[in-house]
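Below, each chain spelled out in residue letters.
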Amino acid sequence: MGNILVLAEHRQGALRDISYEMMAIAPGLAQDMGGEVTVLLIGSGMDELAKKMAAFGSKVLVVDDPLFEDFNADKYQKVLSALIDDLKPAVVMTGHTAQGVDFIPALAVEKNLPLVAEVVSLEYADGTLKATRQLYSGKVNATVAFKPADTYLVTIREGVVEPPDASADGAVEKVESPLKDDLPYRSFVEYIEAEVGDVDITQSDILVAVGRGLKEDKNLPLIEELAKAIKADIAGSRAATDAGWIPHDRQVGTSGKSVKPKLYIAMGISGAFQHVAGMKGAKTVVAINKDPEAPIFTVADYAIVDDMFKVVPKLTEKLKELKG
Amino acid sequence: MSTESQTFTEKYDLLGCIQCGRCTGGCPVTVRADLNVRRFVYDAYHEEKLEELARLAEIWDCTACHTCAVRCPKGLKPLEVLLGLRTMIIESGKVEPTVRDALQSVLLEGNPWEKSRAARSDWMEGLDVKIAEPGVPVENLFFVCCTIAYDPRVQSVAKNIVGLLNKAGIDYAFLDESETCCGSEVFTLGEEGLFEMLVEDNTELLNEYTAKRIVCLSPHCFTTYKTRYPDLKAEVIHYTQLLEELLREGKLVWKGDLQKKIVFHDPCYLGKQGDVYDEPRALLKSIPGVNLVEFERRRERSLCCEGGGGKMWVESESKKERLAETRIKDAKALEADIVAVACPFCVLTLEDAMKGLGYEEEMRVAEIMELLGEFVEA
Amino acid sequence: MSANYEPNIVAFLCNWCSYAGADLAGTSRVHYPANIQVIRVMCSGRVNPLYVMNALQQGADGVLISGCHPGDCHYMEGNFYARRRMGMLKDLMEFVGVDPKRFHMSWVSASEGHKWKEVVEKTVEDAREAGPFEGFRRRQIDW
Amino acid sequence: MTEKPKVGVYVCHCGINISATVDVETVADYALKLPNVEVARTYSYMCSDPGQVLIKNDIKEHGLNRVIVASCSPRMHEPTFRKAIQEAGLNPYYLEMANIREQCSWVHEDMEEATAKSKKLVAAAVAKVRLLEALESKEVDAEPAALVIGAGIAGIQAALDIADAGFKVFLVEKTPSVGGRMAQLDKTFPTLDCSACILTPKMVDCASHPNIELLSYSEVEEIGGYIGNFDVKVRKKARYVDFDKCTGCGDCAAECRVKDRFPSEFDQGMGKRSAIYLPFPQAVPAKYTIDPESCLYLTKGKCGKNPKCQEVCKAEAINFDQEDEIVEFKVGAVIVATGFDPFDASRKPEYGYADYPNVITGMEMERLVSASGPTGGKVTVFNGEEEIEPKEIAFIKCVGSRDASVGNEYCSRVCCMYVAKQAHLIRDKIPDANIRVYYIDVRAFGKGFEEFYDRVRRENVRYIRGNPSEIFKRGNKLVVKVEDTLTATPLEDEVDLVVLGVGLEPRADMREIMDLLRLSQSPDKFFLEAHPKLRPVDTATEGVFLAGCCQGPKDIPDTVAQAKGAASSAMIPLARGKVMISAQVAEVNEATCRGCGFCVNICPYTAVELVTINRFGHEVEVARVNEALCKGCGSCSAGCLSDSIQPKSFRDYQILPQIAALGVLK
Amino acid sequence: MKMFVCIKYVPDTSEAEVKVNPDGVTVDSARFSFDINDADNYAVEESVLIKEAKEGDITVVSIGPKQSDVMIRMAMAKGCDQAVRIEDDRIATHDPLMVAKVLAGAIKGQEFDLVLTGCMASDDGHMSTGVALAEELGVSHASMVKKVELLDGKVRAHRELEGGLLEVVELELPAVLTIQTGINEPRYAPIRGIRLAQKKELKVVNLDELGVDPAVVGLDASKVVLEQLYIPEVESSAEFIEGEAEEKAEKLASILVKGGLV
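**Some words on the overall build of chain A**
Step number 1: In terms of regular secondary structure, chain A is built from 8 helices and 17 strands.
Step number 2: With the principal axes as the frame, chain A shows a C-alpha extent of 65 × 45 × 40 Å.
Step number 3: Expressed as a percentage of its 324 residues, the buried residues of chain A come to 57%.
Step number 4: Residue pairs in contact within chain A that sit at least 24 positions apart in sequence constitute 62% of those at least 6 positions apart.
Step number 5: Within the structure as shown, chain A displays about 13,000 Å² of accessible surface, and the carbon and sulfur contribution to it stands at 46%.
Step number 6: Looking at chain A, you have 35 positive and 48 negative side-chain charges, and the mean spots of the two groups are 5 Å apart.

Okay, here's the thing in structure tokens:
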């Protein structure tokens with residue numbers, strides 16, 4: 001039986017995108033493997049969330065117990081361990097998220113099961129499950145095959161697929177918590193929101209960087225608006241920090257900070273060697289500069305040769321629109 | 001003599017100072033930063049104060065232009081007191097991440113730019129470059145410099161000179177990716193241990209090649225090899241010295257016509273420290289059509305561009321006008337079309353300043369070798 | 001080489017420059033190793049190469065000859081003679097297997113007290129490296 | 001050496017100079033065990049009268065015939081102790097000194113080491129002294145005349161003193177006139193008397209003195225011989241003007257075709273002169289000279305149809321065929337008074353001296369403020385755009401002095417005061433000028449100096465403690481980049497005129513004099529005196545003396561004092577009429593000499609010649625030493641194949657035991 | 001506080017072109033520069049900070065070749081006390097579960113309070129080793145830790161969740177923490193420090209010496225097979241977006257959104 005158990009992820013009363021995204025992967029795979037998808041929700045007061053997950057058409061199992069008020073890796077591991085024994089799923093699928101990575105490897109060890117982490121796609125053929133994942137920050141793809149086992153563990157990378165439509169009506173079934181008592185080793189204390197304003201650009205996922213092309217600080221709101229739209233932090237080249245447009249601690253370059261965001265949008269930055277050296281860790285680079293010869297284009301993934309002041313307002317507008 | 005046993009006072013001969021003030025008086029960064037190098041020489045006498053001094057931000061404002069050392073009437077090197085304080089910080093390990101990464105990159109990859117050692121000779125691709133072989137005598141062994149080797153903006157210095165050497169038909173060779181940072185910036189950042197290691201390793205490496213001369217493309221390497229590598233067997237020169245020689249011997253002929261007003265900026269490491277002033281000027285003058293003009297502050301009085309002293313990795317807290325900007329404004333006042341330099345750091349700082357001032361349309365910053373490459377006779 | 005080995009150095013100094021320079025080191029209280037004993041001659045040109053061999057034969061581990069700088073000889077050209085003679089001697093000594101580190105020749109002027117110190121230090125250090133000299137048969141000559 | 005040597009060893013404490021580091025008693029005890037040593041004593045000051053008496057008494061009581069004094073350098077007291085033992089009836093050359101102070105107690109720290117070394121040195125001295133021979137010093141006549149090289153204030157004063165004492169003086173001056181640097185000065189500090197006013201009478205005196213033969217525009221070519229008997233060769237350069245005919249009227253210079261085209265040396269290049277010129281109006285001798293390097297006729301062979309000077313000279317003194325003349329004479333003593341050069345300010349390019357006309361040196365300032373100077377005493381400067389009276393004036397001290405970066409580590413002694421003086425003079429001439437003096441220290445050590453410095457400060461001359469690092473131009477102002485070290489403030493002061501307080505340097509041509517007279521340089525490159533304290537005017541070459549700034553920077557009173565000192569020292573042999581010559585000369589053993597002549601070739605003084613003698617019936621050639629010419633260097637001996645030629649007191653058989661003593665005691 | 005810190009020697013591939021070797025399962029590393037894994041560097045620093053605050057003893061554990069000694073020496077220069085390097089080519093290093101077993105073999109049986117690892121290796125990026133190691137050691141753990149507070153017998157760890165939210169948990173000691181980058185500012189290892197660190201013990205062992213059965217951690221034991229590495233098709237140079245300014249903006253916006261970049 002090729003059943004797939006998908007662990008839906010939620011936090012602070014809301015489901016996380018990855019839960020929906022997995023529903024774009026699991027059903028097809030289940031079909032190939034000749035099984036069905038079961039969604040698992042662990043938490044306390046899960047009714048509403050269970051309904052939302054059920055809308056993808058698969059059966060939703062809910063472990064609803066005050067013990068699971070907050071995420072706890074140890075408890076999740078225990079529940080999953082018991083359910084694997086019970087349900088014998090062919091695949092256990094979770095998100096490659098702060099939750100998933102916090103207990104799946106331990107589970108793999110405990111149950112002596114194979115694990116492939118941060119999978120971008122899965123394929124089942126000729127009785128073998130193969131996962132594709134990336135190495136070297138996406139420069140190399142790897143195909144990893146599972147040796148035959150009762151259960152395969154996979155964690156799915158966020159954002160690799162669009163969530164499917166959710167208009168079906170799956171069944172919701174509560175199961176009793178296999179865990180009766182609280183576990184002593186690890187306890188949840190609290191959530192702390194990231195401090196606003198105190199931005200460390202070396203930790204930013206998205207950076208909007210401006211350079212000399214900003215011309216004067218009264219143009220800054222334009223950039224701020226764009227940054228807000230895409231939840232980006234603002235950084236600058238030495239010219240921009242020198243001019244006082246951007247705080248010094250947000251300077252990118254050999255004499256500033258080395259950053260490694262997923263997306264780096266460089267605007268009005270020519271791309272001197274010392275600047276480029278500070279942003280080489282960026283995964284995707286977008287460059288907007290009116291000089292077609294600017295060296296920044298040699299490191300860009302997407303390039304626009306134009307006046308940033310003509311491009312940015314429209315870009316912000318369009319992004320807002322697309323993001324809804 | 002072991003330096004370990006020396007006190008700070010002995011090591012930097014602090015008691016030799018007569019507090020005349022020439023060091024601070026000549027220091028170019030005093031107009032920009034609160035750095036008074038004389039006070040450091042005075043205060044560093046108190047061993048118990050050293051840690052406090054080392055924590056002062058201004059020790060990182062020094063550009064290691066060496067003006068203080070050149071001017072000191074007692075033969076002291078005031079800047080090295082600052083470097084000694086930097087050493088204390090470096091050896092505590094608690095340094096700016098940028099400095100940390102640059103130094104670590106020198107240790108692991110032989111360059112401060114966090115580039116892979118294997119890529120050091122990538123600039124040679126497609127060029128007919130002669131590579132040195134250990135033990136095979138060569139007249140002129142070239143040392144490229146980390147910045148020129150990796151920074152596409154100044155790679156043309158190396159590329160152009162290869163073409164020119166091939167045409168002049170002289171005996172030369174370049175090192176392959178075994179070339180390792182000369183340590184100029186490592187020294188000025190205060191990483192004494194690493195610098196000592198580089199001196200040891202580079203001396204061994206360079207002496208393996210039985211070269212008559214080591215020709216450096218960067219004045220930083222030039223001065224460092226000349227003054228801080230006591231056991232190098234070969235004579236160390238800057239490429240402008242070699243080319244000027246070739247020019248005199250008639251081995252270089254220029255074509256075309258450069259109807260431009262050029263002003264030459266004396267790099268501190270070439271001029272003040274290396275005493276090379278005339279050769280770069282002779283090269284520029286030799287290009288047909290060139291009208292060479294001079295800065296008021298030229299030669300021994302040249303204004304530092306703030307490119308040295310590890311400043312590529314440490315930003316000053318000062319908001320005042322960068323010296324490179326002052327320099328570009330002076331060039332503008334002279335109505336110069338081209339600011340010519342013979343140092344990769346000067347190219348970067350001055351070009352940055354020029355762009356910052358918005359003179360891109362009417363002015364150009366160029367390494368001499370960039371210009372010569374454009375005018376060499378086929 | 002024994003750890004406590006202290007080389008014995010005999011130095012021949014010309015009266016006008018080097019001896020005066022060594023005196024100046026004294027008046028300036030410049031300290032240097034005590035391993036060196038000076039024999040004063042009027043001119044470095046007086047130093048017969050045999051004196052060097054003799055000193056080594058009689059128990060010196062190193063020999064130093066010092067005179068006026070080339071061109072400054074009080075007797076016009078005595079130091080040039082010395083230089084030529086000692087150059088030859090050095091070759092000869094190497095030929096017979098004496099470590100050239102045992103033999104130094106230097107120019108120290110009457111005003112170079114500090115240089116004298118450096119010369120002594122270098123000479124002593126080199127002789128120390130070369131170790132006790134046992135090359136010639138020790139011969140005590142009764143004069 | 002028939003008598004058995006009986007040696008007395010005297011170990012000096014020299015207060016605690018020796019005894020603090022050397023255990024003198026142990027050394028004396030040890031000495032007593034050495035062969036032939038009869039007596040060994042220590043005493044606090046051996047050179048003192050009681051110390052000498054101690055030695056003398058021992059010689060008499062114990063019948064000593066050799067004496068060792070273990071004390072200071074023989075260069076210090078050898079003559080003292082030679083005299084002492086001579087007074088006790090011994091031959092003065094039966095003395096050997098062990099230098100246990102300069103070369104032992106003062107340079108070593110460890111008492112054990114220093115004592116051990118002292119023992120060795122004493123042993124070596126004993127080994128040698130036993131074998132010393134009695135020598136007789138010889139006396140020769142001294143020529144009652146002196147040569148004075150250089151006719152600045154030092155040379156003039158020395159020449160006048162010697163001439164006044166009744167001896168002949170040859171005063172040789174390289175330039176066309178006497179007067180030297182002092183003639184160029186305006187006022188003198190701290191008294192502010194006029195330099196020319198006090199110097200000119202002396203200049204005239206030395207030209208008119210019956211005992212002085214003034215050889216101006218002349219250079220010493222060769223000096224041979226020795227004290228009492230120097231042979232001098234002087235080149236009188238061609239002036240192309242008949243010295244006797246020239247009346248000094250100046251018509252020639254006024255008519256010269258290249259009139260006022262050349263920078264005047266006297267005016268520091270600020271004024272101009274013609275190709276035929278008198279260096280300055282009060283020049284002595286007042287005779288014109290044609291500069292061969294600027295004269296059209298002499299350089300191009302042609303000057304119009306006829307040289308103008310020749311045309312206008314009524315005395316017919318112009319003579320283009322004149323040639324250099326060699327004059328030879330003998331003197332008994334030589335005084336070197338060649339003076340100094342002002343520091344060349346272009347060697348500190350950061351001060352822009354070569355670039356800016358309004359950056360001038362102190363010497364130039366002297367000419368600028370001088371009433372006889374190029375501006376008639378009016379202080380004006382060209383700021384690159386116009387000639388102005390400067391209102392903002394900066395003086396920079398220690399330019400080229402106390403500065404290792406130009407190799408001059410010494411203080412030039414006069415700059416502090418001449419800068420104060422010039423500041424005062426400018427304050428007089430430009431009352432509203434803002435005058436500042438940048439300094440490191442103010443050294444006002446002479447008589448009346450501090451008082452003068454006080455006065456000048458109160459005249460509103462601002463003293464700023466900091467030595468400028470750089471001067472460059474901004475607009476029509478000069479920017480002085482300096483730190484006020486008292487407030488730790490970096491400054492960029494804008495001024496109209498910068499006066500560089502340049503120091504004094506050894507003359508560029510002093511090497512020639514060094515070679516002529518075998519003189520040495522001290523570390524500051526000035527001439528080295530025989531002893532910095534006790535023989536400040538003597539040199540290592542007997543009969544040769546130093547006067548004035550050639551020995552080191554000095555002001556005028558010190559220069560005059562030293563000139564007088566040099567003159568009186570030089571007069572000693574002249575007055576005695578006799579000089580002692582060294583007995584430590586070479587001697588040939590004619591029995592073993594093979595007459596190869598190597599020594600003849602080696603001797604730099606041609607003191608050795610080959611003579612024919614009869615040896616066992618054979619005519620053979622052997623070397624023979626002319627004792628008057630031999631200086632005792634011993635180079636001949638080291639080159640002798642048969643050890644036949646040997647310098648007395650430094651014979652092989654005297655030195656080898658010394659070596660042995662040092663080695664055996666290892 | 002007795003600590004172990006597990007570090008990995010990884011290539012920096014941010015600039016170099018990556019090529020797959022003919023074997024299809026390894027990459028050509030000749031042109032790479034190697035260094036300590038970024039997150040591990042923070043873990044080392046955190047352990048040293050803890051040691052500086054509470055006293056302690058730190059043992060570095062690493063699996064890797066001789067060349068990685070420089071990285072280990074650097075860690076020791078910063079304050080780690082001793083090191084074990086496991087060099088054995090029988091380990092199935094492509095499987096973090098196998099790696100965890102080897103690391104556990106180096107730690108098991110010794111007393112410890114904390115084991116720190118980086119939360120992710122920058123080369124293969126499984127983010128699994130640390131958590132698996134905790135399970136192997138039978139102790140509790142927290143992953144992606146951005147802050148560590150030591151309490152009496154407990155550790156309070158701030159875990160970094162998506163969107164910058166921190167989850168604070170308390171663990172009983174001993175525990176394994178996988179450290180997220182940015183938790184501290186790793187110090188510099190000066191050369192003189194590295195030279196001094198030569199005196200500290202660096203033990204090099206193979207599996208047998210470690211007492212780990214090669215059969216348990218080898219390719220056969222691993223339940224996953226690395227079949228194939230290949231270079232994904234990507235635009236090698238920048239894609240220039242053409243059109244009028246507004247058009248370009250629109251096109252870019254949709255690329256960013258569709259590509260999941262924003």
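**Quick look at the sheet that holds strand β17 (residues 325-331) of chain D**
Residue and element names in this part refer to chain D.
Step number 1: An order of β11-β12-β17 is seen for the 3 strands of this open sheet, with the pairing classed as antiparallel. Edge positions in the open sheet fall to β11 (218-226) and β17, since each of these has one partner strand only. Sheet twist, expressed as the average angle between the axes of neighbouring strands with direction ignored, equals 20°.
Step number 2: In the sheet, strand β12 (residues 229-236) pairs with β17 via 7 bridges, with the strands oriented antiparallel. When the bridges of β17 are listed, V232 appears paired with F329.

**Considerations on the interface of chain E and chain A**
Step number 1: The partner chain A presents 80 residues to the 76 residues of chain E that form the contact.
Step number 2: Taking both sides of the interface into account, the surface hidden between chain E and chain A amounts to around 6,800 Å²; carbon and sulfur atoms contribute 59%.
Step number 3: Counting across the chain E and chain A interface gives 7 salt bridges.
Step number 4: Of the charged contacts in the structure, one is a salt bridge between D102 of chain A and R159 of chain E, with a shortest N-O distance of 3.4 Å.
Step number 5: Summed over the shared surface of chain E and chain A, the number is 33 residue pairs in polar contact (both at pLDDT 80 or more).

**Side note on the nonpolar core**
Step number 1: Counting 148 residues, the largest nonpolar core has F174, L194, Y225 and L243 of chain B as its most contacted members.
Step number 2: For Y225 of chain B, the residues in contact, after removing those within four places along its chain, are F143, T180, C182, N202, L206, C216, L232 and V236 of chain B.

**A word on the environment of E325 of chain B**
Step number 1: Residue position: E325 of chain B is located in helix α15 (residues 323-333).
Step number 2: Sequence separation of E325 of chain B and L127 of chain B is 198 residues, and the distance between their C-alpha atoms is 36 Å.

**Some remarks on the domain arrangement of chain B**
Residue and element names in this part refer to chain B.
Step number 1: What the domain assignment reports for chain B is domain 1 (3-92), domain 2 (99-247) and domain 3 (254-372).
Step number 2: One C-alpha centre belongs to domain 1, the other to domain 3, and the line joining them spans 28 Å.
Step number 3: Domain 1 puts 16 residues into the contact, and the matching count from domain 3 is 20 residues.
Step number 4: Roughly 1,500 Å² is buried in total at the junction of domain 1 and domain 3, and carbon and sulfur atoms are behind 52% of that figure.
Step number 5: Together, R32, W60 and T63 form the three largest contributors to the area buried by domain 1 at its contact with domain 3, with a combined 43%.
Step number 6: Our count for the contact surface shared by domain 1 and domain 3 stands at 2 salt bridges.
Step number 7: Close ionic contact of K311 with D61 constitutes a salt bridge, the shortest N to O distance being 3.6 Å.
Step number 8: Between the two partners, domain 1 and domain 3, sit 13 residue pairs in polar contact (both at pLDDT 80 or more).
Step number 9: Looking at the side of domain 1 that touches domain 3 element by element, the count peaks at 3 residues for helix α5 (residues 67-71).
Step number 10: Across the side of domain 1 that touches domain 3, the residue classes tally to 9 nonpolar, 3 polar and 4 charged.

**Focus on the interface of chain C and chain D**
Step number 1: Across the contact, 52 residues belong to chain C and 55 residues belong to chain D.
Step number 2: Taken over both partners, the interface formed by chain C and chain D buries close to 4,800 Å², and the fraction arising from carbon and sulfur atoms is 56%.
Step number 3: The interface formed by chain C and chain D includes 3 salt bridges.
Step number 4: The shortest N-O distance in the salt bridge between E78 of chain D and R40 of chain C comes to 3.1 Å.
Step number 5: There are 22 residue pairs in polar contact (both at pLDDT 80 or more) connecting chain C and chain D.
Step number 6: Contributing elements (two or more residues each) for the side of chain C that touches chain D: β1 (9-14), α1 (18-27), β2 (36-41), α2 (49-57) and α3 (78-95) of chain C.
Step number 7: Ranked by residue count, the leading element in the side of chain C that touches chain D is α1 of chain C, at 7 residues.
Step number 8: For the side of chain C that touches chain D, the class distribution of residues is 27 nonpolar, 16 polar and 9 charged.

**Overview of the pattern of salt bridges**
Step number 1: Following the criterion strictly, the structure yields 129 salt bridges over all chains and no others.
Step number 2: A salt bridge links R187 of chain E to E45 of chain E; the shortest N-O distance between them is 3.0 Å. Highlighted residues: R187 of chain E in the loop between β10 (175-179) and α5 (191-197) and E45 of chain E in helix α1 (residues 38-54), separated in sequence by 142 residues.
Step number 3: In this structure R187 of chain E comes out as buried when scored by relative accessible area, which is 6%.
Step number 4: Judged by its relative accessible area of 3%, E45 of chain E falls in the buried class.
Step number 5: Notably, a salt bridge pairs R159 of chain E with E167 of chain E, separated by 2.7 Å at the nearest N-O pair.
Step number 6: The network of salt bridges with shared partners includes R22, R71 and R297 of chain B together with K348, E350, D403 and E470 of chain D.

**Section: the packing of aromatic side chains**
Step number 1: The final tally for this structure, using the stated rule, is 31 aromatic pairs over all chains.
Step number 2: Look at Y172 of chain B and F174 of chain B: their rings are 5.8 Å apart centre to centre, the planes differ by 85°, and that puts the pair in the edge-to-face class. The burial state of Y172 of chain B is the same as that of F174 of chain B; both residues are buried.
Step number 3: With a centroid separation of 5.7 Å and 35° between ring planes, the pair formed by F12 of chain C and Y51 of chain C is classed as tilted. Of this pair, F12 of chain C sits in strand β1 while Y51 of chain C sits in helix α2, and the two are 39 residues apart along the sequence.
Step number 4: Judged by its relative accessible area of 0%, F12 of chain C falls in the buried class.
Step number 5: Of the residues examined, Y51 of chain C reaches a relative accessible area of 1% and is grouped as buried.
Step number 6: Among the aromatic residues, ring-to-ring pairing joins F143, F187, F195, Y225 and Y229 of chain B into one connected group.

**Describing the packing of helix α5 (residues 220-229) of chain A against helix α8 (residues 308-323) of chain A**
All names here are of chain A.
Step number 1: It is at 9 Å that the axes of α5 and α8 come closest, and there the two elements cross at 25°. Looking at the two axes, α5 sits roughly parallel to α8. Of the two elements, α5 crosses α8, and the hand of that crossing is left-handed. Where α5 abuts α8, its residues L222, I223, E225, L226 and A229 lie against M308, F309, V312, P313, L315, T316, L319, K320 and K323.
Step number 2: Here the contact of α5 with α8 is built from residues that sort into 10 nonpolar, 1 polar and 3 charged.

**Comments concerning the environment of R427 of chain D**
Residues and elements named next belong to chain D.
Step number 1: As for its placement among the helices and strands, R427 is situated in helix α12 (residues 415-429).
Step number 2: If near-sequence neighbours (up to four positions away) are discounted, R427 is found in contact with D432, A433, I435, E459, N460 and V461.
Step number 3: Looking at R427, its side chain comes within polar contact range of the main-chain oxygen of E459, at 2.7 Å.

Cut-offs and rules
- Residues numbered from 1 in each chain as written.
- Chains lettered and ligands numbered in written order.
- Predicted model: local features only at pLDDT ≥ 70, side-chain atom pairs only at ≥ 80, totals over all residues.
- Heavy atoms only, no water.
- Helix = DSSP H or I, 4+ residues; strand = E, 2+ residues; numbered from the N terminus.
- Buried < 20%, exposed > 50% of the residue type's maximum accessible area, 1.4 Å probe, protein only.
- Contact = heavy atoms within 4.5 Å.
- Areas by Shrake-Rupley, 256 points an atom, 1.4 Å probe, with all protein chains shown as cover.
- Lys, Arg positive; Asp, Glu negative; His and termini not counted.
- Charge placed at Lys NZ, Arg CZ, Asp CG, Glu CD.
- Pairing = 2+ DSSP bridges.
- Axes fitted to C-alpha atoms, helices over the stretch in contact; angles between N-to-C directions.
- Buried area = accessible area lost by both parts, 1.4 Å probe.
- Salt bridge = Lys/Arg side-chain N within 4 Å of Asp/Glu carboxyl O.
- Polar contact = N/O pair within 3.5 Å; in protein donor to acceptor, adjacent residues only side chain to side chain.
- Core = buried A, V, L, I, M, F, W, Y, C linked by side-chain atoms within 4.5 Å.
- Domains from an automatic or database assignment.
- Nonpolar A, V, L, I, M, F, W, Y, C, P; charged D, E, K, R; others polar.
- Phe/Tyr/Trp six-rings, centres within 6.5 Å; stacked < 30°, edge-to-face > 60°.
- Parallel < 35°, antiparallel > 145°, perpendicular 65-115°, else oblique.
- Left-handed = near helix turned anticlockwise from the far one by under 90°.

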